[in-house]
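Descriptive analysis of the structure
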Amino acid sequence: MKGKLYGVGVGPGDPELLTLKALRLIKECPVIGIPGKDPKKSVALEIVRGAYPEIDNKELLMIATPMTKDMDVLNEGYRKAAELIEEVLDGGRDVAVLTLGDPTVYSTYIYMQRFVVEGGYEAEIVSGITSFCATAAKFCDSLGDREEMIHIIPASYQIEEALRLPGTKVLMKAGSKLGNVKATLKKTGQKAVMIEDCGMKTEKMYYSVDEMPEEGSYYSLTIVKD
């Protein structure tokens, strides 16, 4: 009997935000999939370790994928990653792949899962608390009131047009484009708050556009309100 693949969301950074279901499956699965090449650099693994130190006794499956926007290269990388997972599943063992935040929001995991499912294997996604929900909670405010729209935007692409949308704009992974984001917000006069590394030891909060730095970490998130 083949094993089952689980995409497990571990939340944004605080180990206490790990869900009971996520923790249960991590304990039950004999193999834990870790994005990347070096487990010492895995943020997702560090989060789980904070709630479940025994994870260090688990068998880890390192899953490296290319960092590029070339779709041919990406798809080949995802296919190879899926093959690594399938080898374990063929042995009848379940695999839990750890994913920051939630696996359904701009996650590399979902591309690997699609290849695995196409290969005839069973998969399940375990939701995690998203970075933007955790960020809104940190600022003690809502993302959307009443009929207000909420837009989730990958900030590594063009954002000028997206910032014209009505309602709340969530700019994810804005670190490398932060200077451009800040300049655009000042030009439009929009209000925003920002957080780096939400829930982690390196967390930093910024309460206005003026406070925002010109560069931020990869896990930078900005919330723009009308």
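It should be noted that the structure appears before, not after, this text.
Keep in mind the model is a prediction, meaning the values are calculated, not measured. The numbering scheme is per chain: residues are counted from 1 as the chain's sequence reads. This being a predicted model, a pLDDT of at least 70 is required before a residue's local features are given, and a value of 80 or more before pairs of side-chain atoms are given or counted; all residues contribute to the totals for chains, interfaces and linings. No hydrogens and no water enter the side-chain calculation; it runs on all heavy atoms of the structure.

1. Here's the deal with the side chain of His-151
What counts here: Here a strand is any run of E in DSSP of at least two residues, a helix any run of H or I of at least four, and the numbering for each starts at the N terminus. For this analysis, a polar contact is any N or O atom pair within 3.5 Å, provided that within protein one partner can donate a hydrogen and the other can accept it, and provided that sequence-adjacent residues contribute only side-chain to side-chain pairs. Here, residues are in contact when the closest pair of their heavy atoms is within 4.5 Å.
Summarising the element assignment, His-151 is placed in strand 6 (residues 150-154). One polar contact links the side chain of His-151 to the main-chain carbonyl oxygen of Pro-166, over a distance of 2.6 Å. Those residues in contact with His-151, other than ones at most four positions away along the chain, are Leu-165, Pro-166, Thr-168, Lys-169 and Val-170.

2. Description of helix 2 (residues 43-51)
Since the α-helix turns once every 3.6 residues, residues separated by three or four places project in the same direction. Our working rule: Only protein chains enter the area calculation, which uses a 1.4 Å probe; residues under 20% of their type maximum are buried, those over 50% are exposed, and those in between are partly exposed. Along the arc lie the directions from the helix axis toward the C-beta atoms.
Turning to helix 2, its buried residues are Ala-44, Leu-45, Ile-47 and Val-48. Taken down its axis, helix 2 places every buried residue within 160° of arc, on the same side. Against the buried residues of helix 2 lie helix 1 (20-28), strand 2 (31-35), strand 3 (59-63) and strand 4 (95-99).

3. Quick look at the sheet that holds strand 4
The criterion, for reference: Strands pair, by our definition, only if DSSP identifies at least two bridges between them. Helix axes use the C-alpha atoms of the stretch in contact, all axes being lines fitted to C-alpha atoms, and the angles between their N-to-C directions lie in the range 0 to 180 degrees.
Pairing is parallel across the open sheet formed by 5 strands, whose spatial order is 3-2-4-1-5. The sheet is open, and its two edges are formed by strand 3 and strand 5 (122-126), each paired on a single side. Geometrically, the sheet is characterised by an average inter-axis angle of 25° between neighbouring strands, direction not taken into account. Of the strand pairs in this sheet, strand 1 (residues 4-9) and strand 5 are connected by 5 bridges, and their pairing is parallel.

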